[in-house]
Amino acid sequence: MTIATQKRFIVRLKLREREVAQWILDQQSLSIGRTPDNDIVIDNLAISRRHACVEDSPKGLVIRDKGSVNGLEVDGRICSEALIEDGTQVKIGKHTLSFEAETERRPMSMSADPEIYEATIRATETTRLANPAFLVEQGPEGEVRYPIDTPLFLMGKSDVSDVRLDGLLIAEYHVEIMVHEKEHLISHLAGRRKLRVNGKATSQCILRDGDTIEIAGRTFRFQASL
């Protein structure tokens, strides 16, 4: 259903200035929160189950706080409701939603289906890297090698993660490895299970050849590309 204002927005979800998902907003309303029944799901403890919503109004699209614990910050201002315009930035916890007025129609649509949400993330990482690095895990039947052959490598509970992690305290997207100019930056995105590199808890660091990565009771060795 097209929104009443007939203005569509590209919605970008960012974490630490890195875009992790993108949609075209073409519904009259959408919900934002931590649980899977929301249209935009942000799996982070700083996000309430039903954190906010975007709705059409006579003045245009507005974003409203739904009684969340940590509230909304819109363009640097704490508020409970704000008009969405081209360039609006909404900070929710550590994440930022940016709204950009669409200039052309694109074959992308909003969906409450988590599989569509996950597929949108995967669509941003189709570039395959030549001569990739690997995460190497010693399994019961021998060595398992996971190629880091895309610019964004994900570890978590989601079925589309490059390495699937299990456990009650594991987030859908728990850890990421970003590849840029042969550097591999590993970051703890969400979830309560700590990320350890060479035995030390860390939120973010550059990986070196031979580093040991521990997460959710599993151990991996980083093997740099040749």
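This text goes with the structure placed above it.
These numbers were taken from a predicted model, which means no experiment stands behind them.

Engineer: Describe the sheet that holds strand β2 (residues 18–25), naming the residues involved and giving the relevant values.
Structural biologist: Taken in spatial order, the six strands of this open sheet run β2-β1-β11-β10-β7-β8, and their pairing is antiparallel. In this open sheet, the two edge strands, each paired with only one partner strand, are β2 and β8 (77–79). Taken over all neighbouring pairs, the strand axes of this sheet differ in orientation by 25° on average, direction set aside. Bridge count between strand β10 (residues 89–92) and strand β11 (residues 95–101): four bridges; the pairing is antiparallel. Following the sheet pairing, K91 is matched in β11 by T96.

Engineer: Now, about unusual backbone geometry: what can you tell me, with residues and values included?
Structural biologist: Positioned with a positive phi, E181 is a non-glycine residue whose angle comes to about 50°. Considering the arrangement of structural elements, one finds E181 in the loop between β16 (175–180) and β17 (183–188). Of note in this structure, N198 is not a glycine but carries a positive phi near 55°. Checked against the element boundaries, N198 lands in the loop between β18 (196–197) and β19 (200–201). You can call N198 partly exposed: its relative accessible area is 46%.

Engineer: Outline the packing of aromatic side chains, supporting the account with residue identities and numerical values.
Structural biologist: All told, the structure shown has two aromatic pairs when counted by the stated rule. Arranged with centres 6.4 Å apart and planes meeting at 80°, the rings of F9 and F99 form a pair that is edge-to-face. Taken as a pair, F9 in strand β1 (residues 9–15) and F99 in strand β11 lie far apart in primary sequence, 90 residues in all. Judged by its relative accessible area of 2%, F9 is buried. Measuring from ring centre to ring centre gives 6.1 Å for Y146 and F220, while their planes differ by 65°; the resulting arrangement is edge-to-face. One end of the pair, Y146, is in strand β13 (residues 142–148); the other, F220, is in strand β22 (residues 218–223), and 74 residues separate them in sequence. Here the two residues Y146 and F220 agree in accessibility, since each one is buried. R145 extends its terminal NZ or CZ atom over the ring of F134, reaching a point 4.1 Å from the ring centre.

Engineer: Just give me the short version of the sheet that holds β19, but keep the residues and values in it.
Structural biologist: Across the sheet, which stays open at both edges, the six strands sit in the order β13-β12-β22-β21-β18-β19 with antiparallel pairing between neighbours. Each edge of the sheet is formed by a strand with only one pairing partner; in this case those strands are β13 and β19. Bridging between β18 and β19 involves two bridges; their strand directions are antiparallel. Each bridged residue has a counterpart across the sheet, and for V197 the counterpart in β19 is K200.

Engineer: So what's going on with the environment of I92? Residues and values would help.
Structural biologist: With respect to the helices and strands, the residue I92 is situated in strand β10. Owing to a relative accessible area of 1%, I92 belongs among the buried residues under this scheme. Non-local contacts of I92, meaning those with residues more than four positions away in its chain, are made with I32, I47, H51, L72 and L97.

Engineer: Before we move on, can you summarise the pattern of salt bridges with the specific residues and values?
Structural biologist: Summed over all chains, the structure comprises nine salt bridges. In this structure, E81 and R64 form a salt bridge, with 3.0 Å as the shortest nitrogen-oxygen distance. With E81 in strand β9 (residues 81–83) and R64 in strand β6 (residues 60–65), this pair connects stretches of sequence that are 17 residues apart. Given a relative accessible area of 40%, E81 falls into the partly exposed group. Given a relative accessible area of 23%, R64 falls into the partly exposed group. Note that E143 and R221 form a salt bridge whose closest N and O atoms lie 3.7 Å from each other. In this pair, E143 is assigned in strand β13 and R221 in strand β22, connecting sequence segments 78 residues apart. With a relative accessible area of 35%, R221 lands in the partly exposed category. Shared partners join several salt bridges into a network, and the residues in it are R12, E19 and E100.

Engineer: With reference to specific residues and values, describe the environment of V54.
Structural biologist: Its location among the elements puts V54 in strand β5 (residues 52–57). In this structure the C-alpha to C-alpha distance between V54 and L83, which are 29 residues apart in sequence, comes to 9.6 Å. Look past the residues within four positions of V54 in its chain and what remains in contact with it is L25, Q28, S29, L30, I32, L61, V62, I63, I84 and F99.

Definitions and limits used
- Residues numbered from 1 in each chain as written.
- Predicted model: local features only at pLDDT ≥ 70, side-chain atom pairs only at ≥ 80, totals over all residues.
- Heavy atoms only, no water.
- Pairing = 2+ DSSP bridges.
- Helix = DSSP H or I, 4+ residues; strand = E, 2+ residues; numbered from the N terminus.
- Axes fitted to C-alpha atoms, helices over the stretch in contact; angles between N-to-C directions.
- Buried < 20%, exposed > 50% of the residue type's maximum accessible area, 1.4 Å probe, protein only.
- Phe/Tyr/Trp six-rings, centres within 6.5 Å; stacked < 30°, edge-to-face > 60°.
- Lys NZ or Arg CZ within 6 Å of the ring centre and 35° of its normal.
- Contact = heavy atoms within 4.5 Å.
- Salt bridge = Lys/Arg side-chain N within 4 Å of Asp/Glu carboxyl O.

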